[in-house]
Amino acid sequence: DFHARLKTTETDSNGEPPTVTFGDMVDRELTHVVFTRSADGKTKIYKNGVLAASSNAGGDLSNWSADYRLALGNELTGARGWLGEFHFVAFFDRALSDSEVQANFKSGPDATSAPAPEPTATPKPAPTATPKPLPTATPEPLPTATPKPLPTSTPEPTPTPKPLPTATPEPVKVMRVSDLDGTTQKLGTFWAVHLLIAITDSDGNPVAGATVRGTWQGTVGETSCTTGWMGVCMVSTDGIPMGTGAVAWDVETVSHPTLPYEPSLNSDTDGDSDGSRIVVSKP
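Summary of the structure given here.

**Some points on the side chain of Asn266**
Turning to step 1, where the next piece is worked out: Residue placement: Asn266 occurs in the loop between strand 11 (246-255) and strand 12 (277-281).
Turning to step 2, where the next piece is worked out: Classification of Asn266 as buried rests on a relative accessible area of 10%.
Turning to step 3, where the next piece is worked out: At 2.9 Å, the side chain of Asn266 and the backbone nitrogen of Val177 are in polar contact.
Turning to step 4, where the next piece is worked out: Within the structure, the side chain of Asn266 is placed 3.0 Å from the side chain of Ser276, a separation counted as a polar contact.
Turning to step 5, where the next piece is worked out: Residue contacts for Asn266: discarding those within four places in its chain leaves Arg176, Val177, Tyr261, Asp274, Gly275 and Ser276.

This is how it looks when you write it as structure tokens:
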């Protein structure tokens, strides 16, 4: 799924709720993705020139700061690395129309004007050097060598062997929850929750093939998911009555064929949770 979050005066500090292309798996190939927000707050996500999702992010951007920094492919903390490549990135001061998005997609990621050819340099002939006569060397008499007595060699002391350093064992790698984000969705008189769980190892690398199990508090019981190649998986629950103000989800355990799970290292870079428990309020 593609998630697009934009912070406004009517969203939370993390841009929730997002615009999401539910059920749209991310392809491992070059993909043209465009997110737009018009002046009336309507948001859209286009994939390869085709509209894939739409939503609404009301309010305005008056809660932005000129001190905000731009990060591509990762959080500013470096804790959520993105495994991919950017071929072309552009920002516009207005929402593009459908036809403009399609035109940009058709132009391709490497579109550019042909450079003008550089003029060919005309080589200049090198000046011919006039040889000068070499001076005739006057031979000098060789000095008579006076023999010197050879020095008596002094035996070197036997070196004292030094003890070999003891190898320090490398720390054992473990895995942990590094991010726990929740989004909500209205479904008539009910609502739904979607959670994204990120698993990384001790060096901050995403862990694929980790099975995450947790328990819902205030709705259905245990649920689980398995991380993909980006170290992320999703759990969801729906059919929550609007009379329920909030639900919580607790991480029970994380299992992997080779890496042990260390829950004391769980964290959340966004501050939405403590990495082990998240509480999501109804929309």
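The discussion continues.
**Focus on the pairing of strand 4 (residues 42-47)**
Turning to step 1, where the next piece is worked out: Sheet topology note: the strand 3 (residues 33-37)/strand 4 ladder contains five bridges and is antiparallel. The residue of strand 4 that forms the bridge with Phe35 is Ile45.
Turning to step 2, where the next piece is worked out: Count of turn residues in the strand 3/strand 4 antiparallel hairpin: four residues, of which Gly41 carries a positive phi of about 95 degrees.
Turning to step 3, where the next piece is worked out: The pairing of strand 4 with strand 5 (residues 50-56) spans six bridges and is classified as antiparallel. Each residue of the ladder has a partner; that of Lys44, found in strand 5, is Ser54.

**Thoughts on the packing of aromatic side chains**
Turning to step 1, where the next piece is worked out: In total, this model carries two aromatic pairs according to the counting rule given.
Turning to step 2, where the next piece is worked out: The interplanar angle of 55 degrees and the centroid separation of 6.0 Å between the aromatic rings of Trp64 and Tyr68 together place this pair among those described as tilted.
Turning to step 3, where the next piece is worked out: Residue Trp64 is classed as partly exposed on the basis of its relative accessible area of 42%.
Turning to step 4, where the next piece is worked out: Here Tyr68 falls in the partly exposed class, since its relative accessible area comes to 42%.
Turning to step 5, where the next piece is worked out: Taking the centre distance of 6.2 Å and the plane angle of 55 degrees together, the rings of Trp216 and Trp249 count as tilted. Linking Trp216 in strand 8 (residues 211-217) with Trp249 in strand 11, this pair joins segments that are 33 residues apart in sequence.
Turning to step 6, where the next piece is worked out: For Trp249, a relative accessible area of 0% puts it in the buried group.

**Thoughts on the pattern of salt bridges**
Turning to step 1, where the next piece is worked out: Evaluation of the coordinates by the stated rule reveals six salt bridges.
Turning to step 2, where the next piece is worked out: Asp98 is paired through a salt bridge with Lys44; the nearest N and O atoms lie 3.9 Å apart. Taken together, the residues span a long stretch of sequence, with Asp98 in helix 1 (residues 98-107) and Lys44 in strand 4 at a distance of 54 residues.
Turning to step 3, where the next piece is worked out: With a closest N to O distance of 2.7 Å, Asp250 and Arg277 form a salt bridge. Within this pair, whereas Asp250 is found in strand 11, its partner Arg277 is found in strand 12, the two being separated by 27 residues in sequence.
Turning to step 4, where the next piece is worked out: The class of Arg277 is partly exposed, set by a relative accessible area of 38%.

**Side note on the side chain of Asp181**
Turning to step 1, where the next piece is worked out: Among the structural elements, Asp181 can be located in strand 6 (residues 175-187).
Turning to step 2, where the next piece is worked out: Ignoring anything within four residues of it in the chain, the contact list for Asp181 reads Arg5, Arg80, His194, Leu195, Leu196, Asp268, Asp270, Asp272 and Ile278.

**What about the sheet that holds strand 8?**
Turning to step 1, where the next piece is worked out: Read from one edge of the open sheet, four strands run 9-8-11-12, paired in antiparallel fashion. Each edge of the open sheet carries a strand with a single partner, namely strand 9 (222-226) and strand 12. Averaged over all neighbouring strand pairs, the angle between strand axes comes to 25 degrees, with direction disregarded.

**Details of unusual backbone geometry**
Turning to step 1, where the next piece is worked out: In the segment running from Glu16 into Pro17, the intervening peptide bond is cis, with an omega of 0 degrees.
Turning to step 2, where the next piece is worked out: Within the secondary structure, Pro17 is located in the loop between strand 1 (3-4) and strand 2 (19-20).
Turning to step 3, where the next piece is worked out: In this model, Asn48 sits at a positive phi of 55 degrees, which is unusual for a non-glycine residue.
Turning to step 4, where the next piece is worked out: Relative accessible area serves as the criterion here: at 26%, Asn48 is assigned to the partly exposed category.

Rules behind the numbers
Residues numbered from 1 in each chain as written. Predicted model: local features only at pLDDT ≥ 70, side-chain atom pairs only at ≥ 80, totals over all residues. Heavy atoms only, no water. Helix = DSSP H or I, 4+ residues; strand = E, 2+ residues; numbered from the N terminus. Buried < 20%, exposed > 50% of the residue type's maximum accessible area, 1.4 Å probe, protein only. Polar contact = N/O pair within 3.5 Å; in protein donor to acceptor, adjacent residues only side chain to side chain. Contact = heavy atoms within 4.5 Å. Pairing = 2+ DSSP bridges. Phe/Tyr/Trp six-rings, centres within 6.5 Å; stacked < 30°, edge-to-face > 60°. Salt bridge = Lys/Arg side-chain N within 4 Å of Asp/Glu carboxyl O. Axes fitted to C-alpha atoms, helices over the stretch in contact; angles between N-to-C directions.

It is worth stressing that arrangement in space is one thing and function is another; only the former is reported here.
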